[in-house]
Amino acid sequence: MSRKIFISLCCLFVMRTAIAATCVSDTYTVKYDCGIGEKISLPADATVRYNTAFTPKMLSKSNCVEPDGYAINGIEIWVNDEYKGTHATSTVSFTYLYTSDITIRPHYVNSVPDNLYSLRAINGIGHWWNAGQQLWNVIFPYGVVSGTAACNEVVPGNTQDGWDTGWTEYGDMENTGGKYCWCKMTSPQPAKTAWVYWGMRSVSDCTKNCASHCANDVRYGQYYRGAMFRLLRDDI
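Residues numbered from 1 in each chain as written. Predicted model: local features only at pLDDT ≥ 70, side-chain atom pairs only at ≥ 80, totals over all residues. Heavy atoms only, no water.

Engineer: Please explain the overall build of the protein as it appears in this structure.
Structural biologist: Regarding its fold elements, the protein presents three helices and 15 strands. Pairs at least 24 apart in sequence give 66% of the contacts found in the protein among residues at least 6 apart. Surface exposure of the protein reaches about 13200 Å², of which carbon and sulfur atoms provide 53%. (Helix = DSSP H or I, 4+ residues; strand = E, 2+ residues; numbered from the N terminus. Contact = heavy atoms within 4.5 Å. Areas by Shrake-Rupley, 256 points an atom, 1.4 Å probe, with all protein chains shown as cover.)

Engineer: What is the right way to look at the sheet that holds strand β11 (residues 135-140) in this model?
Structural biologist: Each strand in a sheet pairs with another by means of backbone hydrogen bonds, the pair being arranged parallel or else antiparallel. Taking strand neighbours across the sheet as the criterion, the six strands line up as β10-β11-β12-β14-β15-β13 in an open arrangement whose pairing is antiparallel. The two strands at the open ends of the sheet, each matched to only one other strand, are β10 (126-130) and β13 (168-169). When strand β14 (residues 180-187) meets strand β15 (residues 195-200), the two strands line up antiparallel, connected through four bridges. The residue bridging Cys183 from the neighbouring strand is Val196, located in β15. (Pairing = 2+ DSSP bridges.)

Engineer: Where do I start with the packing of aromatic side chains in this structure?
Structural biologist: Ring pairs (aromatic) are described by centroid distance and by the angle formed between their planes. Scanning the entire structure with this criterion turns up seven aromatic pairs. For the ring pair Tyr28 and Tyr96, a centre distance of 6.1 Å and an interplane angle of 15° mean the geometry is stacked. With Tyr28 in strand β1 (residues 27-32) and Tyr96 in the loop between β8 (94-95) and β9 (102-110), the pair connects residues that are 68 residues apart, well separated along the chain. A single burial state applies to Tyr28 and to Tyr96, both of which are buried. For the pair Tyr180 and Tyr197, a centre-to-centre distance of 6.2 Å together with 45° between the ring planes defines the contact as tilted. (Phe/Tyr/Trp six-rings, centres within 6.5 Å; stacked < 30°, edge-to-face > 60°. Buried < 20%, exposed > 50% of the residue type's maximum accessible area, 1.4 Å probe, protein only.)

Engineer: Got a minute to help me understand the state of the cysteines in this structure?
Structural biologist: Formally, a disulfide is one covalent bond, and it connects the sulfur atom of one cysteine to the sulfur atom of another. Enumeration over the complete set of coordinates arrives at four disulfides. There is a disulfide in this structure between Cys151 and Cys206, and the S-S distance comes to 2.2 Å. Measuring the twist about the S-S bond at about -100°, one finds the Cys151-Cys206 disulfide to be left-handed. One end of the pair, Cys151, is in strand β12 (residues 143-152); the other, Cys206, is in helix α2 (residues 203-220), with 55 residues separating them in the sequence. You can call Cys151 buried: its relative accessible area is 1%. Given a relative accessible area of 2%, Cys206 falls into the buried group. The disulfide that involves Cys181 links it to Cys210, with 2.0 Å between the sulfurs. Between Cys181 and Cys210 the disulfide shows an S-S torsion of about 90°. By sign, it is right-handed. Placement of Cys181 in strand β14 and of Cys210 in helix α2 is noted, with a sequence separation of 29 residues between them. For the residue pair Cys181 and Cys210, the accessibility class agrees, reading buried in each case. The connectivity of the disulfide bonds within the protein can be written as 1-2, 3-6, 4-7, 5-8, using the sequence rank of each bonded cysteine. (Disulfide = S-S within 2.5 Å.)

Engineer: Would you take a moment to explain the layout of surface pockets for this structure?
Structural biologist: One way to see where empty space is left: roll a probe the size of a water molecule over the atoms. Estimates place the volume of the largest pocket at around 180 Å³. Lining of the largest pocket is provided by 15 residues; of these, Ile36, Glu76, Tyr108, Ile125 and Ile139 occupy positions nearest its centre. Taken together, the elements giving at least two residues each to the lining of the largest pocket come down to β6 (70-79), β9, β11 and β12. Among the elements that line the lining of the largest pocket, the one with the most residues is β9, at four residues. In the lining of the largest pocket, the residues fall into 10 nonpolar, three polar and two charged. (1 Å grid on protein atoms, 1.4 Å probe; cavity = no way out; pocket = protein on both sides within 12 Å on 5 of 7 lines; lining within 4 Å. Points joined across faces, edges and corners; volume = space filled by probe spheres on them. Nonpolar A, V, L, I, M, F, W, Y, C, P; charged D, E, K, R; others polar.)

Engineer: Help me understand the nonpolar core in this model?
Structural biologist: By size, the foremost hydrophobic cluster in this structure holds 31 residues, and its most contacted members are Leu116, Trp136, Tyr142, Cys183, Met228 and Phe229. At the level of elements, β6, β11, β12, β14, β15, α2 and α3 (222-228) are the ones that each hand at least two residues to this core. Dropping the residues within four chain positions of it, Leu116 is found in contact with Tyr142, Val145, Met185, Pro188, Phe229 and Leu232. Counting 13 residues, the second-largest nonpolar core is a separate cluster that includes Val30, Val48, Leu59 and Tyr96. (Core = buried A, V, L, I, M, F, W, Y, C linked by side-chain atoms within 4.5 Å.)

Below you can see the structure in the form of structure tokens.
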């Protein structure tokens, strides 16, 4: 009799454990904050279910104080303090495919200073890239720098270790497919920037990751930013 009870209890425990394992929550919280701006009044947190449509609230200067020199132009999505890109400049729904909570912040735009070279020591605070379109952007405290990436067979003029990354080429360059990854700023001043060499990988790796490498090095690499911003100096 006692053995039957023991077996029954074991079965019940296994069943309850299995049920608990299949009942993991697939709902997440959407929060709003003002980023670098001061809070006035923000929308309430929202609960959203994974793989369902969600319509975020747009943020404006009635929600957040715009810092001097900045204006709110759309919203940004952040996951665990990692920038996931500007989502929209008008109310639109999207399918929620994040497996975590998200934070929505205003997208601030401003007039980036002409002398970017003098700001080369300042790291970015967020970045985004699109491998399919070979596009990237980096958010700095002073504004947003955007650019493009190219994979091709253009070899940098100096291929010695320590000298190749950061090598600059001026003029046109196309994304023809290849193992050499190049990055170029397209905004705010595309006329005053060069193609800056990032490095060599396989053709497939370059296609998948070149834009990511560009964004990461422009965000974190002072030397790399210096090469990209070299023509944006007061003395030329």
